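Architecture and fold: a report
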Amino acid sequence: MYEESSPSPSDSGFNLSINPLLHELPSYQTVARRSHSVSASTRRRSTLGSYFSTSLKRRESLGDAVEQPARSLRDLPISIQEKKKVRVRQDEQTYSSNQNIIFKNMKWRRLSQGIKEHISSLYLWRKDIHDVEGKFGTGIQSYFSFLRFLVLLNFVIFLLMFSFVILPMIISAQGVLNITSTQVSSSGKAEECTKYEGSNPGLVLFYSHVIDLLSGAGFLEQTYLFYGFYGTDELHSNYFHYNVPLAYFLTTFAYILLSLFWIVKRAVEGFKQSFIRSEDRFQSFCNKIFAGWDFCITDEHAAAMKHSSLQYELKTDLDEERIKQKIAERTQKEKFQIYLRRAFLNLLVLLILAACFYCIYRTTVYSQQFHYTQTNDGSFTFDLIVQYLPSIVITAANFITPLLFEYIIAFEDYSPAFEIKFMLLRSVFVRLANIIVLLLSLWSQITTCNGGECKPCGYNHKSYPCWETRIGQEMYKLMIFDLIIIGAVTLFVEFPRKLLVTFCSFPPFTWWGQQQFSVPQNVLEIVYGQTICWIGTFYSPLLPGIATIKYFAIFYIKKVSLMANCQPSTRPFRASSSNFFFLAVLLIGLPLACVPILFSIAIISSSKSCGPFSKFNTTWEIIPTTINSFPVGLQKLLYGLGSEIFAVPFFIIVCLILFYLVALSTAHKRVVVQLRDQLAMQGRDKQYLIRKLTRESVIAKKRLAMANAEIQ
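Only a predicted model underlies this, so the values are computations on that prediction, with no experimental measurement involved.

1. Looking at the overall build of the chain
Helix and strand counts for the chain come out as 23 helices and five strands. The buried share of the chain, reckoned over its 712 residues, is 38%. Considering only intrachain contacts with a sequence separation of at least 6, the fraction spanning at least 24 residues in the chain is 77%.

As structure tokens, then:
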């Protein structure tokens, strides 16, 4: 088929001489074997023809492109000197046009680069994060970048709540707008539901203000900080009407959707890199060996730690390969023993979790009962401990259970990479499940009461006249206590440990070693705090602002502790240099934060004595009430969009789109595999041609030596 495509005898001679060599190439032999196994001669012809004809066509087109100017100049009826002048002018024109294009591209590139550098110079903590990166590498730097992202996220959420909920209330308090307060029409026993005086204990002890500041009770209960303060139905003037309940409801969903889209957008970038890196195992080894060093490191000790980190990662990869081979060689008896052992250990883990959940439930019930039966003749320390008892138990569970899980998982015989991931998933589940258990304990106290006292209001109105504020106070205490614990651990644990290890030469302290900065565990801490913020924002609109200040403080606490006390972990998490792991853990916390919010919005009766939804049975009723105030045509459209007639076709269309995207991704993946195979074939072809050329050159040298010897 090569002779048919040849335009000249010389080309056909080239094809005839090169044809036997092409038949010897490894790529030709591989394709031939595949075609012979399938027994499809037409497929062989099309595959080989497309493979070799494509390369020949590229060669011919390249030759035509190179020879075309020479042929056109050769055909001109002028002398050699004039042809040289024409060639010089052509070269000058080509050079000048290329120079103009290059100059314009460089100009725009420099302009865009200058704008990017100017914008990047405005980033928060840019210099601090670069200092961390230069001393400890990109793994720990990614933690501080993730912390900066959470600061920006919480600040934007705070701006949303402040602009659409808090600011209208502040403006109305100045008399600029008229206020329509929420009025609940009630009679008989239902009048008890509207009574809410807040905390007004009168004369209190001096330390009560400190307890109120730490717990959110007392003078803070009737402020912009909590849900119960927003008892306004509408703000209006001559030409302006502002529905406060609707704004409160829509802003809640807005910050959840904003968080979701922002996290997914940032996670997609990291997912592309992690997906590419996880495709080929050999590529992973090559990246670690030839491109694994972090050239941003300038500290000698950090360089040694990075060296040990790479060594550990390579050992981990080799251990995984060894464990895979060991798993493949297991007998049925060994598999049964391992599965039985794992089942027993997982049962033990469930028992530990059940014990933690029960302790949280009992302490929450005790703390709630003490809150409504306390007197002023107690001690400051005891009152503060009882107020923070659920937070103390949750923090203790978050600290103890990961240590137990780390000890238990050593007997489950997992691979090193899966062992770390599974242990982290258990730790994430414990931290987030503890918050859910706390809320369930609160709701059990809110929705249950003796003697049918809950029937008039739908909740325990005597103990919890404004139960949303009470949940907001618990989230506020968790937020404050988490910051206190992080600061206390740094001040009273890490600093003394650094001093003891540095200045004491006794064996127990030298064996103890310096504090290691574990990136995954620190990420779990701030994800736990962010989940609390998402849940508590509905009950405490100012909580995102407090979270912003908290993460500001945590940034400097962690930076000072890192620089003064810690060293990089010798056993880092494999994805610590990628933000995808951090955002994936954060995405686990967001749906869990949405569950209690949706539960309180759609199921539990809203408080009748406080808040913007006091005239509704549930918070969700604001939506149908608002829709009923629209024109009839718009009402029919919105109800049609929410009916099954629209939902079923919409679901089918979404499924078809997903099916198309999955098929498209499968096709792209198949193309990528084919391109990789083609690259591998070309590599083998080049190696074969190099060996062939070397062998021919050696033979030619021998023949030349023999010819010289014969001549002599």
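2. Some points on empty space enclosed by the protein
For the coordinates displayed, the defined rule picks out one cavity of 30 Å³ or more. If you add up the space inside the largest cavity, you get close to 30 Å³. Taken together, Val-428, Arg-431, Leu-432, Leu-524, Val-527, Tyr-528 and Val-585 form the lining of the largest cavity. Looking at the lining of the largest cavity, the elements with two or more residues in it are helix H15 (416-447) and helix H18 (519-536). Looking at the lining of the largest cavity residue by residue, the class counts come to six nonpolar, no polar and one charged.

3. Thoughts on the pattern of salt bridges
Overall, the coordinates contain six salt bridges when judged by the stated rule. Put simply, Asp-128 and Lys-559 hold a salt bridge, and the shortest N to O gap is 2.8 Å. Of the two residues, Asp-128 is situated in helix H6 (residues 126-136) and Lys-559 in helix H19 (residues 543-564); the sequence distance between them amounts to 431 residues. Accessibility classification places Asp-128 together with Lys-559 in one group, the buried group. As a salt-bridge pair, Glu-474 and Lys-477 come within 3.1 Å of each other at their nearest N and O atoms. Taken together, the positions of Glu-474 and Lys-477, both in helix H16 (residues 467-503) and three residues apart, correspond to about one turn of that helix. We note that Glu-474, like Lys-477, is buried. One salt-bridge network, held together by shared partners, links Arg-470, Glu-474 and Lys-477.

4. Points about the side chain of Ser-607
Its location among the elements puts Ser-607 in the loop between helix H20 (579-602) and helix H21 (622-628). Separated by 3.3 Å, the side chain of Ser-607 and the backbone nitrogen of Trp-467 make a polar contact. One polar contact links Ser-607 to Glu-468, side chain to side chain, over a distance of 2.4 Å. Residue contacts for Ser-607: discarding those within four places in its chain leaves Tyr-459, Pro-465, Cys-466, Trp-467, Glu-468, Phe-613 and Ser-614.

5. Focus on the side chain of Lys-550
Assignment of secondary structure puts Lys-550 in helix H19. Among all residues touching Lys-550, those that are not within four sequence positions of it are Met-479, Asp-482, Leu-483 and Gly-529.

6. Here we look at the confidence of the model for the chain
Summary statistics for the chain give a mean pLDDT of 76 and a share of 74% for residues scoring 70 or more. With pLDDT under 50 throughout, residues 1-18 is counted as low confidence; its partners more than four residues away or in other chains account for 14 contacts. Across residues 54-71 the pLDDT falls below 50, and counting only partners more than four positions away or on other chains, this stretch makes seven contacts in the model.

7. Quick word on the pairing of strand E2 (residues 232-236)
Alignment of E2 against strand E3 (residues 241-243), held across three bridges, turns out to be antiparallel. Bridge pairing in E3 links Glu-234 to Asn-243. The turn linking E2 back onto E3 is made up of four residues.

Rules used in this analysis
Residues numbered from 1 in each chain as written. Predicted model: local features only at pLDDT ≥ 70, side-chain atom pairs only at ≥ 80, totals over all residues. Heavy atoms only, no water. Helix = DSSP H or I, 4+ residues; strand = E, 2+ residues; numbered from the N terminus. Buried < 20%, exposed > 50% of the residue type's maximum accessible area, 1.4 Å probe, protein only. Contact = heavy atoms within 4.5 Å. 1 Å grid on protein atoms, 1.4 Å probe; cavity = no way out; pocket = protein on both sides within 12 Å on 5 of 7 lines; lining within 4 Å. Points joined across faces, edges and corners; volume = space filled by probe spheres on them. Nonpolar A, V, L, I, M, F, W, Y, C, P; charged D, E, K, R; others polar. Salt bridge = Lys/Arg side-chain N within 4 Å of Asp/Glu carboxyl O. Polar contact = N/O pair within 3.5 Å; in protein donor to acceptor, adjacent residues only side chain to side chain. pLDDT = per-residue confidence, 0-100. Pairing = 2+ DSSP bridges.

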